[in-house]
Amino acid sequence: MCPICSAPAFSLDGACVFCHAPLVEHGGEAELLEYLSERIPTAHVKRGVWNRGPITEAAFDVSGRTFRARWKDEELDLEPPVDLTAWLDLLLTRLSDIAMQDANLRRSVLRSGWALR
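Please read all numbers here as calculations on a predicted model, not as lab measurements. (Residues numbered from 1 in each chain as written. Predicted model: local features only at pLDDT ≥ 70, side-chain atom pairs only at ≥ 80, totals over all residues. Heavy atoms only, no water.)

S.K.: What's the story with the pattern of salt bridges in this structure? I'm lost.
M.R.: Side-chain pairing between opposite charges can occur once the charged atoms of the two side chains come close. As enumerated under the stated definition, the model contains 6 salt bridges in all. In this structure, Asp77 and Arg70 form a salt bridge, with 3.4 Å as the shortest nitrogen-oxygen distance. On the accessibility criterion, Asp77 (33% relative accessible area) is partly exposed. Owing to a relative accessible area of 30%, Arg70 belongs among the partly exposed residues under this scheme. (Salt bridge = Lys/Arg side-chain N within 4 Å of Asp/Glu carboxyl O. Buried < 20%, exposed > 50% of the residue type's maximum accessible area, 1.4 Å probe, protein only.)

S.K.: How should I be thinking about the environment of Asp89 in this particular structure?
M.R.: Looking at the element boundaries, Asp89 is found in helix H2 (residues 84-99). With a relative accessible area of 24%, Asp89 lands in the partly exposed category. Asp89 sits 72 residues away from Val17 along the chain, and the two C-alpha atoms are 6.4 Å apart. With sequence-adjacent residues up to four places away left out, Asp89 is seen in contact with Leu12, Val17 and Arg117. (Helix = DSSP H or I, 4+ residues; strand = E, 2+ residues; numbered from the N terminus. Contact = heavy atoms within 4.5 Å.)

S.K.: Looking at this structure, I do not really get the side chain of Thr85. What am I missing?
M.R.: Following the sequence through the fold, Thr85 ends up in helix H2. Classification of Thr85 by relative accessible area gives buried; the value is 10%.

This is the structure in structure tokens:
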């Protein structure tokens, strides 16, 4: 976990992909979808049977582009199909663009401690 923003620890060039604080550890993917869905108000999530249990799929519609992550064979299958850290950076960049015009989204992003891009 990032000691600054409390996000799952994913490093991009030695810094937290969420808040840009220096980071040396790498977080697990298991809590990532739960974390994102709690903080992004437009998230669409699917859970197991009877909508219980951990998230099995999450989709984020941002500025006409869908970012999707789903568990497949115990690995995250991402759309667009890029490295997980690059996927997070793309998602956060799009969210930052929209946050400039959407006060609710901007409030969610800033409350989470994420840096706007």
